[in-house]
Amino acid sequence: MKKILAVIIFIVFTSCKNDKNLFKDPSASIDQRVESLLSQMTLEEKIGQMNQYNGFWNVTGPSPKNGEQADKYDHLKNGLVGSMLNVRGVKDVKAVQKIAVEETRLGIPLIIGFDVIHGYETLSPIPLAESASWDLEAIKKSAEMAAEEAAAAGINWTFAPMVDISRDARWGRVMEGAGEDPFLGSKIAMARVQGFQGEDLSDPRTIAACAKHFAGYGFSESGKDYNTVDVGTSTLYNIIFPPFEATIKADVKTFMNSFNELNGIPATGNAYLQREILKDKWNYKGFVVSDWGSIIEMKVHGFAKDLNQAAEIAVNAGSDMDMESYAYVKELASLVKDGKVSETLIDDAAKRILRVKFELGLFEDPYKYCDETREKEIIGSAKIHEASLDMAKKCIVLLKNENNTLPLKKEGQKIALIGALASDKNSPLGSWRIAAKDNSAVSVLEGMQQYTGNKLMYAKGADVSLGKTDFITEVYINNTDKSDFAEAISVAKKADVVVMVLGEVGYQSGEGRSSTNLDLPGVQEDLLKAIHKVNSNIVLVLNNGRPLTINWADNNIPAIVEAWQLGSQSGNAIAQVLYGDYNPSGKLPMSFPRNVGQIPIYYNYKNTGRPTLPEKDVVFWSHYQDEKNTPLYPFGHGLSYANFSYKDLLVQQENNTIKVSVNVSNTSKLKGKEVVQLYIQDLFASITRPVKELKGFNLIEIQPGETKKIEFTLTEKELGFYDNSGKFIVESGEFKIFVGGSSITTLDTSIDFKI
Ligand code: GLC
């Protein structure tokens with residue numbers, strides 16, 4: 001008997017001993033390794049994993065000795081920090097990783113986060129611009145390149161993609177998303193997650209992605225950032241949630257919650273969002289990081305009385321990691337000991353975070369992202385710039401092109417280039433360009449000089465903003481100084497064609513950049529009119545981070561190009577389109593309003609009970625007295641130097657699907673790309689459906705004179721919708737099917753669909 005007991009004790013002891021080291025065994029499953037590590041962690045160490053700090057000292061300098069910085073440093077040394085953000089560059093990342101791995105009891109590596117929103121040091125176009133390409137492969141490639149460059153700088157987690165749907169160009173962060181449509185937004189969200197995370201997250205060229213901001217941030221009232229969000233279930237389920245759910249299908253490793261309250265409850269403390277929907281209904285296994293300080297901001301919202309209650313609410317509601325509120329590290333241990341927070345929630349949060357670190361391969365090699373050779377070789381490399389240029393060209397949208405003003409002639413045209421933005425090497429980088437070098441973008445002036453040499457005449461015309469601009473400071477607009485108009489006018493008089501680059505400086509859109517006026521900022525419209533007086537043959541190139549109300553330009557300027565903020569290769573991409581070396585193929589991912597008073601304006605609106613009235617001049621219908629209902633440019637709009645025609649639209653039901661086919665012809669002498677768009681309308685349903693919903697698109701290249709047959713299959717996933725209980729339903733009934741090169745479709749037909 002004693003022998004048997006001794007053997008049992010030996011087995012238990014060795015298995016425990018092995019279990020203790022199991023987390024180091026790469027042959028064990030990740031869940032086993034997580035459990036093994038968690039079983040050895042103290043409550044404080046588990047809470048440490050839930051604590052994220054912004055970079056807090058120049059790691060190459062002496063460690064901080066007093067105050068908040070010293071606290072953070074001590075927490076790092078004692079295993080009470082799980083992640084840091086805004087520490088970048090191999091040297092600095094290695095320095096903090098070394099402390100976490102070599103000086104703490106369990107040596108758990110840090111996960112290093114950064115806003116790789118559209119590139120790291122080499123910037124690709126802002127996400128709203130990339131969305132205008134409708135080119136999912138190119139978007140995925142762009143994210144892949146951003147990941148590789150960021151990973152070479154020690155980053156292993158990006159706070160992207162931002163997947164907030166928005167219909168409100170007053171909100172500065174529309175530049176960061178994919179526009180107004182949940183179908184396009186979902187496809188783009190998946191492409192970006194797949195680009196960042198690749199096929200194997202342990203590959204040192206890939207980084208963990210983060211779906212943000214969960215949820216509803218894009219519906220901030222009056223377009224004011226951080227403002228109240230109050231939306232109904234139909235909008236929540238059918239517009240706001242789908243892109244987030246799509247990122248889970250793409251295996252996104254993390255979520256970030258949002259600053260806003262949703263229907264009275266701040267997202268950070270919203271158990272409906274983070275537990276009922278995300279972790280239960282969607283069965284999400286990754287972790288949720290709070291947005292910066294959003295836990296303690298629940299006190300400001302009036303939802304928590306102090307830091308202690310904010311910590312309690314946040315962790316109970318499913319926020320797993322605390323970005324810069326210091327709430328978890330200060331309050332959670334006592335909340336657990338007081339029985340206000342169950343340790344099982346701490347275990348769950350810590351496990352979710354540890355799982356991502358294991359998947360990144362950080363336990364095999366915590367310094368795998370700290371390779372100085374790769375840092376030198378990858379960052380700013382030609383292949384990353386090439387990808388940035390390729391992406392940039394594809395984002396450009398030709399809004400108008402009368403009298404074949406474009407493309408420009410490479411010979412025999414005297415061209416004047418006007419506008420402060422035309423020589424601006426910073427604004428094309430947008431506002432999320434923290435790691436980019438100053439003045440590192442190719443300007444339009446530089447891009448065009450590759451075609452014109454020094455024959456190109458340039459004049460600034462007028463400043464857009466006053467003084468230096470940066471990520472955190474208000475931009476001050478030049479609303480009075482027209483002293484450089486005269487020089488621009490004299491240059492325009494000498495030219496056959498005037499190219500004017502107007503719009504927003506880089507920091508006029510982005511976080512904290514809401515506007516009530518969407519006209520061309522400052523004196524730019526006056527400049528446009530002054531030039532038009534002496535030379536009306538103008539090509540207007542917009543550099544902007546959001547839709548603008550450019551009514552006068554649309555009425556008077558023959559050619560208008562939407563060139564967004566295209567990143568490091570901006571000027572080269574714009575020049576190649578202006579000179580026809582790249583035939584523009586972009587389509588708008590967001591409606592352009594005629595008037596800011598029309599906002600929210602979007603293509604997938606509801607019909608209402610009074611969409612029109614037969615009696616002329618009777619007022620009792622849904623309209624404005626002083627503006628049209630339609631946008632200046634609709635969702636999906638974009639021209640080409642080629643021309644496309646649509647014919648032979650056919651639809652038929654096959655089982656529970658609808659098969660659609662259409663012939664698209666290129667009737668011009670130029671090859672070109674077209675985004676063939678498929679929309680539906682469910683005419684009668686148990687909740688009202690939009691007059692149009694994008695449910696398919698196909699980006700095709702067509703040779704001159706060629707006709708292509710494009711086919712789509714509408715499945716229940718496309719034909720159904722969420723009811724107000726959140727249940728997905730598909731109903732029989734009459735559907736209209738539309739196809740065309742924009743949401744103002746060319747062909748349509750109907751079908752009686754029987755489920
Ligand atoms: C910011 C943004 C969020 C970003 C985070 C870290 O306030 O809202 O999108 O990822 O803080 O920089």
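Relevant structure appears above.
Residues numbered from 1 in each chain as written. Predicted model: local features only at pLDDT ≥ 70, side-chain atom pairs only at ≥ 80, totals over all residues. Heavy atoms only, no water.

A.B. asks: Looking at this model, I keep getting lost on the overall build of the chain. Mind explaining?
C.D. replies: Within the chain one finds 22 helices and 27 strands. Its C-alpha atoms give the chain a radius of gyration of 28 Å, within 12% of the compact-globule value 27 Å for 755 residues. If you line up the chain on its principal axes, its C-alpha atoms span 100 × 65 × 50 Å. Looking at the chain alone, contacts between residues at least 24 apart form 77% of all its contacts between residues at least 6 apart. Carbon and sulfur atoms make up 50% of the accessible area of the chain, which amounts to about 29,000 Å² in all. In the chain, 83 side chains carry a positive charge and 96 a negative one; their mean positions are 2 Å apart. (Helix = DSSP H or I, 4+ residues; strand = E, 2+ residues; numbered from the N terminus. Rg over C-alpha atoms; globule rule 2.2 N^0.38 Å. Contact = heavy atoms within 4.5 Å. Areas by Shrake-Rupley, 256 points an atom, 1.4 Å probe, with all protein chains shown as cover. Lys, Arg positive; Asp, Glu negative; His and termini not counted. Charge placed at Lys NZ, Arg CZ, Asp CG, Glu CD.)

A.B. asks: Teacher, can you tell me more about the nonpolar core here?
C.D. replies: Within soluble globular proteins, side chains that are nonpolar generally end up buried alongside one another. Ranked by internal contacts, the top residues of the largest apolar core, which has 214 residues, are Met448 and Trp564. Element by element, the count of residues in this core is highest for helix H7 (residues 136–152), at nine residues. (Core = buried A, V, L, I, M, F, W, Y, C linked by side-chain atoms within 4.5 Å. Buried < 20%, exposed > 50% of the residue type's maximum accessible area, 1.4 Å probe, protein only.)

A.B. asks: Sorry, what's going on with the side chain of Glu261 here?
C.D. replies: Tracing the backbone through its elements, the reader meets Glu261 in strand S7 (residues 261–262). Among buried charged residues, Glu261 stands out as having no salt bridge; its nearest opposite-charge side chain is Lys224, 13 Å away. Reaching out from Glu261, the side chain makes a polar contact with the backbone nitrogen of Gly264 at a distance of 3.2 Å. When residues no more than four places from it in sequence are discounted, the contact partners of Glu261 are Thr228, Val229, Pro266, Ala267 and His301. (Salt bridge = Lys/Arg side-chain N within 4 Å of Asp/Glu carboxyl O. Polar contact = N/O pair within 3.5 Å; in protein donor to acceptor, adjacent residues only side chain to side chain.)

A.B. asks: I keep staring at the pairing of strand S3 (residues 111–114) and nothing clicks. Help me out?
C.D. replies: Each regular strand displays side chains that alternate between the two surfaces of the sheet. Of the two faces of S3, the one lined by Ile111 and Gly113 and the one lined by Ile112 and Phe114 are each fully buried. Both strand S2 (residues 83–85) and S3 contribute to a ladder of three bridges, which runs parallel. Residue pairing for S3: Ser83 is matched across the bridge by Ile111. Bridge analysis of S3 against strand S4 (residues 157–158) gives two bridges, and the strand direction is parallel. Each bridged residue has a counterpart across the sheet, and for Gly113 the counterpart in S4 is Trp157. (Pairing = 2+ DSSP bridges.)

A.B. asks: Looking at this model, I keep getting lost on the site of the ligand. Mind explaining?
C.D. replies: As a structural note, the neighbourhood of the ligand is formed by Leu85, Asp115, Phe159, Arg173, Lys212, His213, Met256, Phe259, Asp291, Trp292, Met323 and Glu511. One nitrogen or oxygen atom from the side chain of Asp291 is found 2.6 Å from an oxygen atom belonging to the ligand. In the environment of the ligand, an oxygen atom lies 3.1 Å from a nitrogen or oxygen atom belonging to the side chain of Glu511. In the complex, 93% of the free accessible area of the ligand, which totals 310 Å², lies under the protein chains. Considered class by class, the residues forming the shell around the ligand number six nonpolar, one polar and five charged. (Near = heavy atom within 4 Å. Nonpolar A, V, L, I, M, F, W, Y, C, P; charged D, E, K, R; others polar.)

A.B. asks: I tried to follow the side chain of Lys357 on my own but got confused; where do I start?
C.D. replies: Mapped onto the elements of the fold, Lys357 is located in helix H14 (residues 343–359). Setting aside anything within four residues of it in sequence, one finds Lys357 in contact with Gln49, Gly82, Ile108, Pro109, Leu110, Ile111, Leu362 and Phe363.

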